[in-house]
Amino acid sequence: MPVSTMLADHTTLGLGGPAKAFRTAGSTDELVSLVTEADRSGERVLVLGGGSNLVVADDGFPGTVILVASQGVTTAAAGTDPETGEEIVLLRSDAGVEWDPLVERTVAEGLNGVEFLSGIPGRVGSTPIQNVGAYGQDVSQTIREVLVLDRTTGELVTMSNTDCGFTYRDSTFKGHDRYVVCEVVFELRRGPLSRPVRYAEVARAMGVEAGERVPLDQAREVVLGLRKGKGMVLDPADPDTRSAGSFFTNPVLSPEEYAAFRERAAERLGADTEIPGHPDDAGNVKLSAAWLIDRAGFTKGYGDGPARISGKHTLALTNPGGSTTADLLDLAREVRAGVEEAFGVRLVNEPVMLGVNL
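Residues numbered from 1 in each chain as written. Predicted model: local features only at pLDDT ≥ 70, side-chain atom pairs only at ≥ 80, totals over all residues. Heavy atoms only, no water.

K.L.:
Please explain the overall build of the chain as it appears in this structure.
P.N.:
Secondary structure summary: the chain contains eight helices and 18 strands in total. Along the first, second and third principal axes, the C-alpha atoms of the chain reach 60 × 55 × 40 Å. Every one of the 358 residues in the chain was classed for burial, and the buried ones make up 51%. Of the roughly 16,000 Å² of accessible surface on the chain, a fraction of 48% belongs to carbon and sulfur atoms. Placing the 34 positive and 51 negative side-chain charges of the chain at their respective mean positions leaves the two points 1 Å apart. (Helix = DSSP H or I, 4+ residues; strand = E, 2+ residues; numbered from the N terminus. Buried < 20%, exposed > 50% of the residue type's maximum accessible area, 1.4 Å probe, protein only. Areas by Shrake-Rupley, 256 points an atom, 1.4 Å probe, with all protein chains shown as cover. Lys, Arg positive; Asp, Glu negative; His and termini not counted. Charge placed at Lys NZ, Arg CZ, Asp CG, Glu CD.)

What follows is the structure, encoded as structure tokens:
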């Protein structure tokens, strides 16, 4: 059966026009070959994984889309962790492997390190690009190295964790197309317990204190439940899950910016209003984008047009059906402008924009 060239059929938003051409890479070698061939011919290339973090223009993509469908996964022992006594296990995964089934596999095999990232849609190749994270865990905490195709040299290069330049929802790979992620190596630990619980919402749901470790299967079960309650687990029967996940990143403010924000928030909401924030060692504070959106007046289910804010979570912009990318971006711009007017904080989109700008 031929693969659809409509990008709407390959994104979790269900949006995006046609590609000029569509190819599928079933292995790392094939991925390298297809990208190299297109580059030599001067063809524009989009390397596509699960389409879970992508906003595509209604006009589509005037080049070749290469769908990454490589499926190899291997594990190898690599010594013992001197602090915990747990066996170190290196898990190497091809970029085309679906992320959540891989997380499920690690939990079933008693490997900890990515259990709080359960339920996130997409494929392994996208995880280092976005430095995917949730509930106190980021892939940068366990990625040991990434095998990439450097399109400027045509060579395969192994990049260390440091080389990847990981920061909050960002990396060396994001914002340009020089590197194609081919394989990712995760450094996990073999043991029945999760990594320490870092996220207050998870700790409350499990009835434990922050910093405690819990059974792996329970950690996954709780995270999946929390994500489902927010419409963040894909469900074809639920239009509220037809999104690109969190549309905006949580803003990080300097001490001066945070002080100015506090003044604006107090004027708008009252001096006694509790503001969720997470300070770091440098004095910066990460705010909740969801809280800002809600307090700016964009509540769950907001939207008069075809695109809506999810009825379960204000960070998800959804396509309930009949929406276009233009509709979605109109809503995103309205939300961004409203938050900036209310609090002086400018939100930044998390999904990758293809052929469009916010």
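We are not done yet, so read on.
K.L.:
Sorry, what's going on with the sheet that holds strand β13 (residues 252-253) here?
P.N.:
By definition, the strands of a sheet pair up through backbone hydrogen bonds, in either a parallel or an antiparallel sense. Spatially, β13-β15-β14 is the arrangement adopted by the three strands of the open sheet, whose pairing is antiparallel. Unpaired on one side and paired on the other, β13 and β14 (277-279) mark the two borders of the sheet. By the bridge criterion, three bridges tie β14 to strand β15 (residues 285-287) in an arrangement that is antiparallel. Among the inter-strand pairings, P279 is bridged to a residue of β15, identified as V285. (Pairing = 2+ DSSP bridges.)

K.L.:
Is there a simple way to think about helix α1 (residues 28-41) in this case?
P.N.:
An α-helix turns once per 3.6 residues; consequently, residues spaced three or four apart project the same way. Given a rise of 1.5 Å per residue, 14 residues ought to cover 20 Å, and the 20 Å separating the end C-alpha atoms of α1 matches this to within 8%. Looking at α1, one finds that the buried residues are T28, L31, V32, L34, V35, T36 and A38. (Expected span 1.5 Å × (residues − 1).)

K.L.:
Looking at this model, I keep getting lost on the pattern of salt bridges. Mind explaining?
P.N.:
Once the charged atoms of two side chains with opposite charge are near each other, the side chains can pair. Summed over all chains, the structure comprises 21 salt bridges. A salt bridge links R151 to D177; the shortest N-O distance between them is 3.6 Å. With R151 in the loop between β10 (143-150) and β11 (155-160) and D177 in the loop between β11 and β12 (179-190), this residue pair connects regions lying 26 residues apart in the sequence. Accessibility expressed as a relative area gives 21% for R151, which makes it partly exposed. Close ionic contact of E201 with K230 constitutes a salt bridge, the shortest N to O distance being 3.0 Å. A residue pair is termed long-range when its members are at least 10 positions apart, and E201 in helix α4 (residues 200-206) and K230 in the loop between α5 (216-229) and β13 qualify at 29 residues. (Salt bridge = Lys/Arg side-chain N within 4 Å of Asp/Glu carboxyl O.)

K.L.:
What should I look at first to understand helix α8 (residues 325-343) in this one?
P.N.:
Here α8 contains 19 residues, and its C-alpha end-to-end distance of 27 Å stays within 8% of the 27 Å for a straight helix at 1.5 Å per residue. Residues of α8 that are buried in the fold lie against β3 (54-56), α6 (255-269), α7 (289-295), β16 (308-309), β17 (317-318) and β18 (352-354). (Contact = heavy atoms within 4.5 Å.)

K.L.:
Just checking my understanding: could you explain the layout of surface pockets for this structure?
P.N.:
Empty pockets left among the atoms are what a rolling probe the size of a water molecule brings to light. Size it by volume and the second largest pocket reaches roughly 180 Å³. Lining the second largest pocket are 13 residues, with T12, E98, P121, G122 and L234 sitting closest to its centre. Considered class by class, the residues forming the lining of the second largest pocket number six nonpolar, five polar and two charged. (1 Å grid on protein atoms, 1.4 Å probe; cavity = no way out; pocket = protein on both sides within 12 Å on 5 of 7 lines; lining within 4 Å. Points joined across faces, edges and corners; volume = space filled by probe spheres on them. Nonpolar A, V, L, I, M, F, W, Y, C, P; charged D, E, K, R; others polar.)

K.L.:
I keep staring at the pairing of β12 and nothing clicks. Help me out?
P.N.:
When a strand is regular, its side chains alternate between the sheet's two faces. The buried fraction of β12 is high, at ten of twelve residues. When strand β6 (residues 87-94) meets β12, the two strands line up antiparallel, connected through eight bridges. The residue bridging V89 from the neighbouring strand is L188, located in β12. Looking at chain direction, strand β7 (residues 111-112) and β12 are connected through two bridges and run antiparallel. The residue of β12 that forms the bridge with N112 is R189.

Read these as spatial facts, not as claims about activity.
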